[in-house]
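Results of the structural survey
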Amino acid sequence: MELSQIDPQIIVDDCPELILGQHLKTGGQKRVWRCAYKGKAYVMKALMVGQETRRRVRREIQVMRACASPYLPKFGPIPLRELGLKEGPKILYFLEEYIEGTPLASVYKPMPYAEVARLGLCLAEALATLATNGYLHRDVKPMNVIRKSPTHFILIDAGLALDPDGDAITMPGKVVGTRAYLSPDQITLPQKRLDIRSDFFCLGSVLYEAATGEHPFWNDETPKGDIIHNILSFECISPVRFNAHLPNPYATIILKLLRKNRDERYLDFKELHDALAPLVQDSPNRSLAKGESEASKRRNVERTSARDQGTSRRRI
Ligand SMILES: Nc1ncnc2c1ncn2[C@@H]1O[C@H](COP(=O)(O)OP(=O)(O)OP(=O)(O)O)[C@@H](O)[C@H]1O
Ligand SMILES: [Mg+2]
């Protein structure tokens, strides 16, 4: 049986207080539905049981329980449940706070630059909370961010979070994360040597895309071939090239996050926060992309979501 064949009704039969809502997504690992439990809205996430999925889901829950932040989701009211099906396989399911909003991958880009600054601050805060509790996210990408409002963004899906002192959730030497949003550190260093600067690089990729509508390592100006090669060796073009309206301080911050050498990035949350905070105060909340046609807006959204779902024509 495949993930897409999980029938939510068997979960409702197992947990009769659940009221099932809209199917939101079948992602790489999970099927996600909106639901209600005792009068409150949640998402229900279901996975096929496997050695790795079990560890990932436990890690995701462990992180939600340990890390309280307005920029991270909260674990729901029932413990993780494992359910055996008649056909043999087992599924895992759990509830998580429902975040009303839009996945960042589906938000029109370039985003107004005040929003880019807020996005940077919210994600930096989320990463700092994880790091304070000893975790790295390792999968910062537009599909794992929900835009609740123009000033509030939430980082979801800590299933790949690394706890350097705990069990590895993947085989040693195996690169984990989503190819287009990996950091050079994730590709070249042993997992145990990663630190918050790796997540900062991924944040740089997300902000670059938010500010320009282009991926820093996969656009018309980057070498064709393998995106991993570009992440490791191609110095990305200034975001101002793709968005002439972008104020210089934004470009400076994004390019510093994207330095190949992690010693040249922001070293900790405070340093990054001090760079981003003045932008939030200074920026008028206006569109970066004045005069852009509806058709090009649509193309942009389609391209972004195709890339994130791995269906882009170019190999990333
Ligand atoms: N707490 C939430 N509130 C609202 N929507 C959510 C929530 N969690 C997940 N979603 C939606 O479901 C999608 C998939 O969730 P999640 O990232 O946890 O699963 P996944 O299998 O890792 O997916 P992917 O491989 O695409 O990252 C998200 O991109 C988002 O659209
Ligand atoms: Mg995800």
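Right, let's walk through the structure included here. (Residues numbered from 1 in each chain as written. Chains lettered and ligands numbered in written order. Predicted model: local features only at pLDDT ≥ 70, side-chain atom pairs only at ≥ 80, totals over all residues.)

With that settled, the discussion passes to the site of ligand 1. Residues in close proximity to ligand 1 total 21 residues, the closest being Gly27, Gly28, Gln29, Ile99 and Asp157. Elements with a contribution of two residues or more to the shell around ligand 1: β1 (18–26), β3 (40–48) and β5 (90–97). The residue inventory of the shell around ligand 1, partitioned by class, reads ten nonpolar, five polar and six charged. Two domains each provide a minimum of three residues to the shell around ligand 1, namely domain 1 (3–97) and domain 2 (102–311). (Near = placed C-beta within 6 Å. Helix = DSSP H or I, 4+ residues; strand = E, 2+ residues; numbered from the N terminus. Nonpolar A, V, L, I, M, F, W, Y, C, P; charged D, E, K, R; others polar. Domains from an automatic or database assignment.)

With that settled, the discussion passes to the nonpolar core. Among the nonpolar cores identified, the biggest contains 79 residues, and Met44, Leu123, Leu203 and Leu207 are the most heavily contacted of them. Take this core: its biggest share by element is eleven residues, from helix α3 (residues 113–132). When residues of this core are assigned to domains, at least three fall in each of domain 1 (3–97) and domain 2 (102–311). Residues contacting Leu123, with those up to four places away along its chain left out, are Val140, Val145, Phe153, Leu155, Leu203 and Val206. (Core = buried A, V, L, I, M, F, W, Y, C linked by C-beta atoms within 7 Å. Buried ≥ 20, exposed ≤ 12 C-beta atoms within 10 Å, placed from the backbone. Contact = placed C-beta atoms within 7 Å.)

Another point: the pairing of strand β8 (residues 152–155). One face of the sheet, then the other: side chains in a regular strand alternate in exactly this way. Relative to β8, strand β7 (residues 145–149) runs antiparallel, the two being bridged by four bridges. Across the sheet, residue Ile146 finds its bridge partner in β8, namely Ile154. (Pairing = 2+ DSSP bridges.)

A few words now on the sheet that holds β8. Spatially, β6-β7-β8 is the arrangement adopted by the three strands of the open sheet, whose pairing is antiparallel. One side of each edge strand has no neighbouring strand; the edge strands of this open sheet are β6 (102–103) and β8. In the packing of α3 onto the sheet, the strands contacted are β7 and β8, and the crossing angle to β8 comes to about 40 degrees. (Axes fitted to C-alpha atoms, helices over the stretch in contact; angles between N-to-C directions.)

The sheet contact formed by strand β2 (residues 31–37) and β3 spans seven bridges and is antiparallel. When the sheet's bridge partners are listed, Val32 is paired in β3 with Lys45. The antiparallel hairpin formed by β2 and β3 contains two residues in its connecting segment, where Lys38 sits at a positive phi of about 50 degrees. Pairing between β3 and β5: seven bridges, direction antiparallel. From the neighbouring strand, Val43 faces β5, where its bridge partner is Glu96.

Running from N to C, α3 and helix α5 (residues 196–212) point in directions that differ by 160 degrees, and their axes come no closer than 10 Å. As far as their axial angle goes, α5 and α3 are roughly antiparallel. The interaxial crossing formed by α3 with α5 has right-handed handedness. Across the interface between the two elements, Tyr113, Val116, Leu119, Gly120, Leu123, Ala124, Leu127 and Ala131 of α3 pack against Ile196, Asp199, Leu203, Val206, Leu207, Ala210 and Ala211 of α5. Within the contact of α3 with α5, the residues separate by chemical class into 13 nonpolar, one polar and one charged. (Parallel < 35°, antiparallel > 145°, perpendicular 65-115°, else oblique. Left-handed = near helix turned anticlockwise from the far one by under 90°.)

Moving on: the sheet that holds β1. The strand order across the open sheet formed by five strands is β1-β2-β3-β5-β4, and the pairing between neighbours is antiparallel. Among the strands making up the open sheet, the edge pair consists of β1 and β4 (81–84). Strand-to-strand, the axes of this sheet are offset by a mean angle of 30 degrees, without reference to chain direction. Across the face of the sheet, helix α2 (residues 51–66) comes into contact with β3 and β5 while running at roughly 20 degrees to β5.

Our next topic: the environment of Arg55. Within the secondary structure, Arg55 sits in helix α2. Since 15 C-beta atoms lie within 10 Å of it, Arg55 is described here as partly exposed. Between the C-alpha atom of Arg55 and that of Gly159, which follows or precedes it by 104 residues, the distance is 8.4 Å.

The first and last C-alpha atoms of α5 sit 24 Å apart over 17 residues, in line with the 24 Å expected at 1.5 Å per residue. Across the 17 residues of α5, 17 count as buried, placing the element largely inside the fold. Two residues or fewer past α5, Gly213 is found with a positive phi of approximately 85 degrees. (Expected span 1.5 Å × (residues − 1).)

So, on to the packing of α5 against helix α7 (residues 248–257). One can describe the packing of α5 onto α7 by two numbers: an axis separation of 7 Å at closest approach and a directional angle of 145 degrees. As α5 runs across α7, the sense of the crossing is left-handed. Contact with α5, carried on its side by Phe200, Phe201, Leu203, Gly204, Leu207, Tyr208 and Ala211, involves Tyr250, Ile254 and Leu257 of α7 and no other residues of that element. When grouped by side-chain class, the residues that make up the contact of α5 with α7 number nine nonpolar, one polar and no charged.

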